[in-house]
Amino acid sequence: MTTAAPDQPAITVLIADDHPVVREGLSAMLESAPGITVAGTAGGGEEAVVLAASLDPDVVLMDLRMGAMDGVTATARILARSRRPRVVVVTTYESDADILRAVEAGAAGYLLKGTSRGDLIDAVRAAARGETVLSPAVAGRLFRARAQEPPPLSAREREVLHLVGRGLTNADIGRELHIGEATVKTHLLRIFRKLEVSDRTAAVLAAMERGLLD
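Parameters and conventions
Residues numbered from 1 in each chain as written. Predicted model: local features only at pLDDT ≥ 70, side-chain atom pairs only at ≥ 80, totals over all residues. Heavy atoms only, no water. Core = buried A, V, L, I, M, F, W, Y, C linked by side-chain atoms within 4.5 Å. Buried < 20%, exposed > 50% of the residue type's maximum accessible area, 1.4 Å probe, protein only. Helix = DSSP H or I, 4+ residues; strand = E, 2+ residues; numbered from the N terminus. Pairing = 2+ DSSP bridges. Contact = heavy atoms within 4.5 Å. Axes fitted to C-alpha atoms, helices over the stretch in contact; angles between N-to-C directions.

(A) Representation of the nonpolar core. V13, L30, I36, V59, L61, V88 and V124 are the most contacted members of the largest nonpolar core, which totals 20 residues. When residues of this core are traced back to their parent elements, those giving at least two are β1 (11–16), α1 (20–31), β2 (36–42), β3 (59–62), β4 (86–91) and α5 (117–128). If one sorts the elements of this core by residue count, α5 sits on top with six residues. Residues L168, L188, F192 and A203 belong to the second largest nonpolar core, which totals 18 residues.

(B) Geometry of unusual backbone geometry. Phi at D56 takes a positive value of approximately 50°, unusual for a residue other than glycine. Mapping D56 onto the fold places it in the loop between α2 (45–55) and β3. Given a relative accessible area of 31%, D56 falls into the partly exposed group. You will see that E196, though not glycine, has its phi angle at about 60°, which is positive. Structurally, E196 can be placed in the loop between α9 (181–195) and α10 (200–209).

(C) Representation of the sheet that holds β4 in the model. Taking strand neighbours across the sheet as the criterion, the six strands line up as β2-β1-β3-β4-β5-β6 in an open arrangement whose pairing is parallel. Looking along the sheet, the strands with just one partner apiece sit at the ends: β2 and β6 (133–134). Of the strands in this sheet, β1, β2 and β3 touch α2, which is tilted by about 140° from β2. Contacting β1, β2, β3, β4, β5 (109–112) and β6, α5 crosses the sheet at an angle of about 135° to β3.

Function cannot be inferred from these measures alone, as they are strictly geometric.
Structure below.
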């Protein structure tokens with residue numbers, strides 16, 4: 001395992017996880033490594049966003065599922081700042097959907113909580129250098145998931161979805177776009193399939209998460 005050079009500043013890390021035991025465990029592992037300092041810990045997504053702004057860490061270790069604001073939303077908000085730390089997801093979840101959401105939000109890495117101490121420390125150092133860090137199992141799943149991604153929304157589908165987001169009914173959308181209501185329904189079905197959702201509300205939320213709606 002590599003170590004930081006004595007003349008290099010310490011890598012500062014913010015840990016965000018809603019389980020105190022996990023926060024303490026990760027902190028202990030990282031604090032024992034030369035050249036790494038835990039700048040702070042957060043018990044939820046909202047606190048992570050606030051601390052990331054005030055502490056300005058080099059790396060954020062982010063859990064996925066936490067209370068009112070999940071890790072994906074927190075990641076996106078943290079990375080919306082001009083000074084952006086590297087966010088590495090550390091979670092027990094490894095579904096294709098979870099991995100894709102985290103990567104699409106801008107996460108620089110995705111590790112499982114069973115990752116060894118040495119691999120975790122190496123991942124933090126690699127992330128701080130600007131590298132992408134993925135556990136082998138996650139890398140394979142990400143490759144397969146991306147290979148199976150549905151095609152992007154067409155211009156017309158985006159128009160329909162935008163009007164859905166404004167609260168228009170199918171009939172209203174048809175009049176607005178000068179198309180039949182049956183055609184609107186067809187567009188919606190295609191949108192649902194591409195976004196992997198089953199209703200209008202979920203489609204709007206998914207589109208907002210992916211930056212498809214202004």
